[in-house]
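A closer look at the structure
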Amino acid sequence: MQPYWNAYLFIVLFLVVGILLPVGSLWLVGPLLRPKNPRPEKLTSYESGVEPFGDAHVRYHVRYYLFALLFVVFDVETLFLYPWAVAYGKLGWFGFIEMLIFLVLLAIGLAYAWRKKVLEWN
Amino acid sequence: MSPLWSAQMIAFFLISLFILACAVMMLSFRKVVYMALAVGGVFIGCAALYILLGAEFVGIAQVVVYAGAITILILFAIMLTNHEATEPEEPWTVRKALAAVGCFLLGVTLLFVIRGQAWPQGDPSVDVNQGMSNTLAIGEALFKSYMIPFELVSLLLTVALVGAVILAQQRKGDQ
């Protein structure tokens, strides 16, 4: 049991380093090293090089929500692929057909969304 | 019997503290987007708790579906509404104070009932997975014993997909 938990010790280590790296470079060590010379142009938010306009807190189109929903559905689908892939050697052709039915049913849903022009952007 | 302050115990308390802190932040924030991010923190803490209990697959599922997809869905739902994104501060009233006392008493009662219950305990020397890893055992059970429910899940997901498309199409026709 002990080696099992030691593996998670590395994850905790990565977590600590992952938190300390941005905190250290942006707040602790960074201000000591970098020149501080703010100008109004420098302090504007970066919008891919375009001058920022408007407010970010606007009402978005419902189309974005559909993309989020599509993402959730296929996220759950992906989740079911993991135990299937791990148990694949024991399941054989039967498991393969099962997963095929599962994927085809979801593909029908995606095809429906595609046909209804949900994926199109204009 | 493991010692009281084993590494797992410390990890459990740290993770629980993180979950509770995120939950309290979620309730006390006044900006809806911050609330959604705090919920994401709660989900990630729960995933860590599952992994601590030895259920890695459930933990990863929690990260993938809840912390990943559901939090994004909540954020998109907030972006979709014309919400002011800030809730006004509400003053304390007698009714709220009484409600707080009631909640506290309910919590204490539940704690005592849960602690007083003799929960059935399994034999730790028996491996219910018969030596298989968790994910493998889940895969075997899912694709052999629970085949029909698994296929119904895909049907449910397809229905959700089609329903979302129909709802969005109707909304488009209104404009």
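Bear in mind the structure is a predicted one, so any value in this text is a computation, not a measurement. (Residues numbered from 1 in each chain as written. Chains lettered and ligands numbered in written order. Predicted model: local features only at pLDDT ≥ 70, side-chain atom pairs only at ≥ 80, totals over all residues.)

Here's the deal with the overall build of chain A
We apply this condition: Segments assigned H or I by DSSP are reported as helices when at least four residues long, segments assigned E as strands when at least two residues long, and all are numbered from the N terminus. Here a residue counts as buried when 20 or more other C-beta atoms fall within 10 Å of its C-beta, as exposed when 12 or fewer do, and as partly exposed in between; the C-beta atoms come from the backbone.
Counting secondary structure elements, chain A contains five helices and zero strands. C-alpha extents for chain A along the principal axes are approximately 65 × 55 × 20 Å. Within the span of chain A, comprising 122 residues, buried residues form 15% of the whole.

So, the overall build of chain B
Selection criterion: Here the radius of gyration uses the C-alpha set of atoms, whereas the globule reference equals 2.2 Å times the residue count to the power 0.38. Our contact criterion uses C-beta atoms placed from the backbone: two residues qualify when those atoms are within 7 Å.
The helix and strand tally for chain B stands at six helices and zero strands. When its helices and strands are written in sequence order, chain B yields α-α-α-α-α-α. Computed over C-alpha atoms, the radius of gyration of chain B comes to 22 Å, more than 25% over the 16 Å expected from 2.2 N^0.38 for 175 residues, which places it beyond the range of a compact globule. In terms of overall dimensions, chain B has a C-alpha envelope of 65 × 50 × 25 Å along the principal axes. In chain B, which comprises 175 residues, the share counted as buried stands at 17%. Within chain B, counting contacts between residues at least 6 apart in sequence, those at least 24 apart form 55% of the total.

Here we look at the environment of L119(A)
Residue and element names in this part refer to chain A. In this fold, L119 is placed in the segment after α5 (88-115). A tally of 13 C-beta atoms within 10 Å means that L119 is categorised as partly exposed. Along the primary structure L119 and R63 are separated by 56 residues, whereas in three dimensions their C-alpha atoms are 8.7 Å apart.

Topic: the interface of chain A and chain B
To keep things clear, this is the line we draw: Only Asp, Glu, Lys and Arg are considered charged in this grouping, and only Ala, Val, Leu, Ile, Met, Phe, Trp, Tyr, Cys and Pro are considered nonpolar; every other residue, Gly among them, is considered polar.
With 38 residues of chain A in contact, the opposing surface of chain B contributes 37 residues. Listed by contribution, the elements that provide at least two residues to the side of chain A that touches chain B are α4 (62-86) and α5 of chain A. Counted by class, the side of chain A that touches chain B contains 28 nonpolar, three polar and seven charged residues.

Points about the nonpolar core
As a reminder, the rule being used: What we call a nonpolar core is a set of buried Ala, Val, Leu, Ile, Met, Phe, Trp, Tyr and Cys residues whose membership is set by joining through C-beta atoms within 7 Å.
Residues L69(A), F143(B), L161(B) and V165(B) are the most contacted members of the largest nonpolar core, which totals 28 residues. Elements that contribute at least two residues to this core include exactly α4 and α5 of chain A together with α3 (56-80), α5 (134-145) and α6 (147-174) of chain B. Examining the composition of this core, we find that eight residues originate from one element, α4(A), more than from any other. Not counting residues up to four positions away in its chain, the partners in contact with V165(B) are L66(A), Y112(A), A113(A), K116(A) and V118(A). Counting ten residues, the second largest nonpolar core, distinct from the first, contains V39(B), V42(B), A47(B) and A48(B).

Remarks on the packing of helix α1 (residues 7-28) of chain B against helix α2 (residues 32-52) of chain B
All names here are of chain B. We apply this condition: Think of each axis as a best-fit line through the C-alpha atoms, taken over the contacting stretch in the case of a helix, with angles from 0 to 180 degrees between the N-to-C directions. An angle counts as roughly parallel when it lies under 35 degrees, as roughly antiparallel when it exceeds 145, as roughly perpendicular when it falls between 65 and 115, and as oblique in every other case. If you view the pair so one helix is near and one far, a crossing is left-handed when the near helix is turned anticlockwise from the far one by less than a right angle, and right-handed when it is turned clockwise.
α2 packs onto α1 with a crossing angle of 160° between their chain directions and a minimal axis gap of 8 Å. Taken together, the axes of α1 and α2 lie roughly antiparallel to each other. Relative to α2, the crossing made by α1 is left-handed. For the pair formed by α1 and α2, the contact residues are Q8, A11, F12, I15, F18, I19, C22, A23, M25 and M26 on the first element and M35, A38, V39, G41, V42, G45, C46, A48, L49 and L52 on the second. Residues that form the contact of α1 with α2 fall into these classes: 17 nonpolar, three polar and no charged.

Some remarks on the packing of α2(B) against α3(B)
Residue and element names in this part refer to chain B. Running from amino to carboxyl end, α2 crosses α3 at an angle of 175°, the nearest separation of the two axes being 8 Å. One element, α2, and the other, α3, form an angle in the roughly antiparallel class. Here V32, V33, A36, V39, G40, F43, I44, C46, A47, Y50 and I51 of α2 come into contact with α3, specifically with E56, V58, G59, Q62, V63, Y66, A67, T71, I74, L75 and I78. Residues that form the contact of α2 with α3 fall into these classes: 17 nonpolar, four polar and one charged.

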